[in-house]
Amino acid sequence: MRKNVLLLETIAAEALAVLQEHVNVFTGYDEASVKDVLNWEEIHAIITRGKGLIHQPLIAACPHLQVVARCGVGLDNVDVAAATARKILVINAPGSNAATIAEHTLALMLMLMRNMYESVSEVKQDNWNSRNQYAGDELNGKTLGVLGMGNIGKRVARLGEAFGMEVLYWSKSAQDLPYKYLSLENVLRSSDVVSLHLPLNKETDNIIGSKQLEMMKTNALLINTARGALVDHDALLQALNAPVISGYAADVLPEEPPAPQLPIVHHPRVIITPHSGSLTAATYRQICLLTINNVVAALTGGAPEQHSIYNRHALQ
């Protein structure tokens, strides 16, 4: 008997074709369509990307559920505890976005350090003479502080080193790396650029607040491609206006999409991209295919890759 899968968001066309080859696929891109599917079908797997919520009420409404999955890495939109309590596999794609997020981090770093966004905007307004007031610098010779040395943090460190930067880091614990491990406070005090690559949890929520921002150099830049809530944005806005730090660039915000005319988004020394770091064609395809192949394996008696089963240890 073919299993039934509920998709809460669109996925890459190649991944959808693989899914449709092996299971029955139903879409629930809004609350009404989800309810309609559940009224008529038994669901064995639910798949989301970054927005569709796999919460406890949805899990409870599917008594035959075997798998919940996210085409991505973070599981903020999946109730892992509720799924694990039901012995349901939680599948994601760990490490699949490391290369693209590291690239995006360096792109933001370069744009902010070299003041590229303003330069491009001025030329598009036919103001070539803006070069006479150009104020920018370069990464070479600067100190990069990496907070969080997971897959992404390590790649950012290597890229920063390739640009001629000295790399310092703080993480949950010291690792066998060719970079200097310091306390959080000393990384903040010593770095020209601080890049955040931490998970969001009780310990890291607002880990960068007014106290931490005041530790940073006045010409320092802060980069965040991890989670918006790692930074206290009220304190950040005050720090930029003082100015306590020189600039901020991010691919994430505490609330997405942001409210219209949100001050931090429109600040002249801030660059925000719309959580698009993982949306490159190559990574989007890779993440979707990896996740779908593991979901299909789990539903059809195959063997999903063990590292893709997030709650594998809790289920043992």
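The rules we used
- Residues numbered from 1 in each chain as written.
- Predicted model: local features only at pLDDT ≥ 70, side-chain atom pairs only at ≥ 80, totals over all residues.
- Heavy atoms only, no water.
- Helix = DSSP H or I, 4+ residues; strand = E, 2+ residues; numbered from the N terminus.
- Rg over C-alpha atoms; globule rule 2.2 N^0.38 Å.
- Contact = heavy atoms within 4.5 Å.
- Areas by Shrake-Rupley, 256 points an atom, 1.4 Å probe, with all protein chains shown as cover.
- Pairing = 2+ DSSP bridges.
- Axes fitted to C-alpha atoms, helices over the stretch in contact; angles between N-to-C directions.
- Buried < 20%, exposed > 50% of the residue type's maximum accessible area, 1.4 Å probe, protein only.
- Right-handed = clockwise from strand over helix to strand, strands pointing away.
- Salt bridge = Lys/Arg side-chain N within 4 Å of Asp/Glu carboxyl O.
- Parallel < 35°, antiparallel > 145°, perpendicular 65-115°, else oblique.
- Left-handed = near helix turned anticlockwise from the far one by under 90°.
- Core = buried A, V, L, I, M, F, W, Y, C linked by side-chain atoms within 4.5 Å.
- 1 Å grid on protein atoms, 1.4 Å probe; cavity = no way out; pocket = protein on both sides within 12 Å on 5 of 7 lines; lining within 4 Å.
- Points joined across faces, edges and corners; volume = space filled by probe spheres on them.

**Focus on the overall build of the protein chain**
Assigned secondary structure in the protein chain consists of twelve helices and twelve strands. For 316 residues, the compact-globule formula gives about 20 Å, and the C-alpha radius of gyration of the protein chain, at 22 Å, lands near that figure. Considered along the principal axes of its C-alpha atoms, the protein chain spans approximately 70 × 50 × 30 Å. Within the protein chain, contacts between residues separated by at least 24 positions form 60% of all contacts whose residues are at least 6 apart in sequence. Total accessible area computed for the protein chain in this model is approximately 15900 Å², and 51% of it derives from carbon and sulfur atoms.

**Some remarks on the sheet that holds strand S7 (residues 166-170)**
Read across the sheet, seven strands follow the order S8-S7-S6-S9-S10-S11-S12 without closing on themselves; strand pairing throughout is parallel. With one partner strand each, in any of the chains shown, strand S8 (180-181) and strand S12 (270-272) form the two edges of the open sheet. By the bridge criterion, four bridges tie strand S6 (residues 143-147) to strand S9 (residues 193-196) in an arrangement that is parallel. Paired with Gly 145 across the bridge in S9 is Val 194. Sheet strands in contact with helix H7 (residues 151-162) are S6, S7 and S9, and its direction is about 175° off that of S6. Packing against the sheet, helix H10 (residues 233-241) makes contact with strand S10 (221-224), strand S11 (247-250) and S12, and its axis sits at approximately 140° to S11.

**Overview of the pairing of S9**
Neither face of S9 is exposed, since Val 193 and Ser 195 on one face and Val 194 and Leu 196 on the opposite face are all buried. When S9 meets S10, the two strands line up parallel, connected through four bridges. Looking at the pairing, Leu 196 lines up with Asn 224 of S10. A crossover links S9 with its parallel partner S10, the connecting element being helix H9 (residues 210-215), and its sense is right-handed.

**Some points on the pairing of strand S2 (residues 24-27)**
Bridge count between strand S1 (residues 4-7) and S2: four bridges; the pairing is parallel. Within S2, the residue paired with Leu 7 across the bridge is Thr 27. Read as a crossover between parallel neighbours, the route from S1 over helix H1 (residues 13-22) to S2 is right-handed.

**Focus on the pattern of salt bridges**
Here the structure, examined in full by the defined rule, presents five salt bridges. One salt bridge connects Arg 285 with Glu 14, and the closest N-O pair in it is separated by 2.8 Å. Placement of the pair is Arg 285 in helix H12 (residues 281-299) and Glu 14 in helix H1, with a sequence separation of 271 residues. Among the ionic pairs, Arg 227 bridges to Asp 76, the shortest N-O distance being 2.7 Å. Of the two residues, Arg 227 is situated in the loop between S10 and H10 and Asp 76 in the loop between strand S4 (67-70) and helix H4 (80-85); the sequence distance between them amounts to 151 residues.

**Notes on the packing of helix H5 (residues 98-113) against H7**
Here H5 crosses H7 at 50°, and the two axes come no closer than 8 Å. For the element pair H5 / H7, the angle class is oblique. Crossing geometry of H5 relative to H7 is assigned as right-handed. Taking contact as the criterion, the partners of Ala 98, Ala 99, Ile 101, Ala 102, Glu 103, Thr 105, Leu 106 and Met 109 in H5 are, on H7, Asn 151, Ile 152, Arg 155, Val 156 and Leu 159.

**Quick notes on the nonpolar core**
If you look at the biggest cluster of nonpolar residues, it comprises 29 residues, and the most contacted ones within it are Leu 147, Ile 208, Leu 213, Leu 222 and Leu 236. Of all the elements in the fold, those that place two or more residues in this core are S7, helix H8 (184-190), S9, H9, H10 and S11. The residues contacting Leu 236, other than those within four sequence positions of it, are Leu 213, Leu 222, Val 231, Ile 245, Tyr 248 and Ile 264. Grouped together as the second largest cluster of nonpolar side chains are 23 residues, Val 5, Ile 11, Val 67 and Ala 93 included.

**Some thoughts on the side chain of Asn 311**
Secondary-structure assignment places Asn 311 in the segment after H12. Asn 311 has contacts with Thr 84, Ile 88, Leu 89 and Val 90, leaving out every residue within four places of it along the chain.

**Overview of the layout of surface pockets**
Sizing a probe to match a water molecule and rolling it over the atoms shows the empty space that remains. As a volume, the second largest pocket reaches approximately 560 Å³. Of all the elements in the fold, those that place two or more residues in the lining of the second largest pocket are H5, helix H6 (116-124), helix H11 (263-266) and S12.

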